[in-house]
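As a plain string of letters, each chain reads:
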Amino acid sequence: MASYHKPDEKTLQGLKDIANKLRIHSIKATCASNSGHPTSCCSAAEVMSVLFFHTMRYKAMDPRNPSNDRFVLSKGHAAPILYAAWVEAGYVKEADLLNLRKIDCDLEGHPTPKLAFVDVATGSLGQGLGAACGMAYTGKNFDKSSYRVYCLLGDGECSEGSVWEAMAFASYYKLDNLVAIIDVNRLGQSEAAPLQHDTETYRRRCEAFGWNTYVVDGHDVEELCKALWQAEQDKSRPTAIVAKTFKGRGLKAIENEDNWHGKPISKDRAEGYISELKGLIQTNKPLCPELPTEDAAPVDFSPILLPSLPNYKLGDKISTRKAYGVALARLGQSSTRVVALDGDTKNSTFSELFKKAHPDRYIECFIAEQNMVSVAIGCATRGRTVPFASTFAAFLSRAYDHIRMAAISQSNVNLVGSHCGVSIGEDGPSQMALEDLAMFRAIPTCTVFYPSDGVSTERAVELAANTKGICFIRTSRPDTAVIYSPEETFEVGQAKVVRQTESDRVTLIGAGVTLHEALAAADQLAKEGVNVRVIDPFTIKPLDKDTIISSVRATGGRVITVEDHYPEGGLGEAVCSALQGEPGVMVQRLAVSGVPRSGKPQELLDIYGISASKIVDAVRTAFAN
């Protein structure tokens, strides 16, 4: 085993000096914006100095180089010190710090990937480590590269369960290329963090999760250098560095005091602190980061297409959840960038078909949906992978904040939710996703796919792999008939008119299971001499407004939406928004109301008013009124 060589005194002094320069930059930036978190920056100054100017290997003028070490600032409110580090590295202009938090500046209050040196947005605490896990897993198992991943957490955010989901994940997968540094500065936003400076309890917790752990004085650059070097020597576990620090370090009468979180220092006091900190700087010795080993391959961004047409015939019966698994396994043949994640539901979501076909590109995340989403976000950074993460759609609500942050991260992740609606049957309401369309429609950058048969499911998976932003694919449990030929083409935002005549009197819009109920209703009504038009929207967001409006006009302004979802925020409301301002339109919405119960799928569709017979009744009522 290699032996540790202590850095020479000039290097150590240089690191101390850079730490104080980072403090000065942070104070100046937050003073200029009259907002921000200078005390949270000051506790992390030595950690950032050692990481960026001694330990990490990266090209300072090429922040997204695929071989660079990665850094995630999970305690995103300390953004000014991250920006300061890039000033000292030479990538950000010092003058830009004075525009912190201003409308025309990308140095925002919390980091976002508008900046080339930021991979994931942070600021909603407890999420950075999960994303770092995804980056580290990708580096070790997909890129097979030597780059390492460092994540700086605050002690306050360690109350978030998602932190410990990530700790368990990293340990299970032996991510020895991952280092988590916990900035234990004792103070939270409104009071002290629960463990305060009890670093031994942090140590025991990290070790209990299987991490190689060191407790250090977070203001001692030599201790930090040694601990980070030791982390590189452990080839079997991730490393946690528990760094005891003081909030507001270096600022007399502020250091370690309450009620300074998120408060800039007044300009008159700041000048005195800056003068004192400058007096501690003893050298201007430049410290340049080591360059990385160029062993990460560039990304092939060519479109990812299915290797052949879907292998279904009209009338075949298959659930869209199974068609998803078939499609993903087939898509994985076309590109090694396609990876799959699941939360211990792979035999229900059918992601197990991908695992069987491509076991080296499947990540089991177990029952930790928040972390699964964060890992997927991390895997997708810098375009390294095209991840598809699946579970029951109801359980994605647990990860909603992580999904929201994925949008802020400009992430290209694909989330697949099965077991939607009352049509799942006997499992009962805890398993029924009835809010998911509303949830995903509210996410900016999100495309919402709702395929209705095997062919459209395959095309949804293919399109999602090539669509920027977040994609959500809603899949159903029951087997339904294939209604499209393998040659049928699909586009985002383009609906399909699946039944129409010259004499249609009502437009029916359904998706998934309810599209098939609408088609059955259309058959029944046709026997009675009433023709109706049936539309499959394919994507709920964006919705094909033009096709819907033209169909509604052709059917006398009468439209009925049918959805296996609550009425709030679902298909019906999307259609109402599309028809806003359209004269003479009458929209009737059939949706699930109240909390459902267990029962047979067809019974539940009937009880909650979204079965074919209820659609027939609604059409009759439309004419009676």
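Residues numbered from 1 in each chain as written. Predicted model: local features only at pLDDT ≥ 70, side-chain atom pairs only at ≥ 80, totals over all residues. Heavy atoms only, no water.

- As recorded in an unreviewed UniProt entry, the chain goes by Transketolase and comes from Paramormyrops kingsleyae.
- UniProt, in the comment section headed Subunit (unreviewed entry), describes the chain in these words: "Homodimer."
- Under Sequence similarities (unreviewed entry), UniProt gives the following word-for-word description of the chain: "Belongs to the transketolase family." (UniProt positions renumbered as here; feature names shortened; annotations may be inferred.)

1. Focus: helix α16 (residues 454–465)
- The end-to-end C-alpha distance of α16, which contains twelve residues, comes to 17 Å, matching closely the 16 Å that a straight helix rising 1.5 Å per residue would cover.
- Taken residue by residue, α16 has G454, V455, S456, T457, E458, R459, A460, V461, E462, A464 and A465 as its buried positions.
- On its buried face, α16 is in contact with β6 (317–319), α10 (320–334), β9 (386–392), β10 (414–418), β11 (447–449) and β12 (471–474).
- Sitting at the amino-terminal end of α16 is D453, which places a side-chain oxygen 3.3 Å from the backbone nitrogen of V455. (Helix = DSSP H or I, 4+ residues; strand = E, 2+ residues; numbered from the N terminus. Expected span 1.5 Å × (residues − 1). Buried < 20%, exposed > 50% of the residue type's maximum accessible area, 1.4 Å probe, protein only. Contact = heavy atoms within 4.5 Å. Polar contact = N/O pair within 3.5 Å; in protein donor to acceptor, adjacent residues only side chain to side chain.)

2. As for the sheet that holds β9
- In space, the seven strands of this open sheet follow the order β8-β7-β9-β10-β12-β11-β17, with mixed pairing throughout. Each having just a single partner strand, β8 (362–364) and β17 (539–541) make up the two edges of the open sheet. Pairwise comparison of adjacent strand axes, ignoring direction, gives a mean angle of 20° for this sheet.
- Summarising the sheet, β9 and β10 pair through five bridges and their orientation is parallel. Residue A389 lies in a different strand from β10, and its bridge partner there is L415. (Pairing = 2+ DSSP bridges. Axes fitted to C-alpha atoms, helices over the stretch in contact; angles between N-to-C directions.)

3. What to know about the layout of surface pockets
- Counted as a void, the largest pocket has a volume near 670 Å³.
- Lining the largest pocket are 27 residues; nearest its centre among them are F301, A380, G383, Q410 and N412.
- Sorting the residues of the lining of the largest pocket by element identifies α13 (369–380) and α16 as the ones contributing at least two each.
- Broken down by class, the residue content of the lining of the largest pocket amounts to eleven nonpolar, eleven polar and five charged.
- Counting contributing residues, the lining of the largest pocket receives three or more from each of domain 1 (12–280) and domain 2 (316–482).
- Taken as a whole, the second largest pocket encloses approximately 450 Å³ of empty space. (1 Å grid on protein atoms, 1.4 Å probe; cavity = no way out; pocket = protein on both sides within 12 Å on 5 of 7 lines; lining within 4 Å. Points joined across faces, edges and corners; volume = space filled by probe spheres on them. Nonpolar A, V, L, I, M, F, W, Y, C, P; charged D, E, K, R; others polar. Domains from an automatic or database assignment.)

4. Let's talk about the side chain of D69
- Assignment of secondary structure puts D69 in the loop between α3 (45–55) and β1 (70–73).
- At a separation of 2.9 Å, a polar atom in the side chain of D69 contacts the main-chain amide nitrogen of R57.
- In terms of polar contacts, D69 uses its side chain to reach the backbone amide nitrogen of R148, at 2.8 Å.

5. As for the sheet that holds strand β14 (residues 496–499)
- With mixed pairing, five strands are arranged side by side in an open sheet as β14-β16-β15-β18-β19. With one partner strand each, in any of the chains shown, β14 and β19 (586–590) form the two edges of the open sheet. Sheet twist, expressed as the average angle between the axes of neighbouring strands with direction ignored, equals 25°.
- Of the strand pairs in this sheet, strand β15 (residues 506–510) and strand β18 (residues 558–562) are connected by four bridges, and their pairing is parallel. Bridging across to β18, I509 finds its partner in T561.
- Across the sheet, helix α19 (residues 571–578) is in contact with β15, β18 and β19; its angle to β19 comes to roughly 165°.

6. Things to note about the packing of helix α1 (residues 9–33) against helix α9 (residues 267–280)
- It is the contact of α1 with α9, at a shortest axis distance of 9 Å, that shows an interaxial angle of 170°. The angle between the axes of α1 and α9 places the two elements in the roughly antiparallel class. For the pair α1 and α9, the crossing hand works out as left-handed. Residues Q13, D17, N20, R23, I24, I27, K28 and C31 of α1 lie in contact with α9, whose contacting residues are K267, A270, Y273, I274, L277, K278 and L280.
- When its residues are assigned to classes, the contact of α1 with α9 shows eight nonpolar, two polar and five charged. (Parallel < 35°, antiparallel > 145°, perpendicular 65-115°, else oblique. Left-handed = near helix turned anticlockwise from the far one by under 90°.)

7. Some details on the packing of aromatic side chains
- On inspection of all chains with the given rule, the structure shows 21 aromatic pairs.
- Look at F52 and W86: their rings are 5.8 Å apart centre to centre, the planes differ by 80°, and that puts the pair in the edge-to-face class. Remark: W86 occurs in helix α4 (residues 79–89) and F52 occurs in helix α3; sequence separation between them is 34 residues. There is no split in this pair, since F52 and W86 are both buried.
- With a centroid separation of 5.0 Å and 90° between ring planes, the pair formed by Y484 and F490 is classed as edge-to-face.
- Classification of Y484 as buried rests on a relative accessible area of 5%. (Phe/Tyr/Trp six-rings, centres within 6.5 Å; stacked < 30°, edge-to-face > 60°.)

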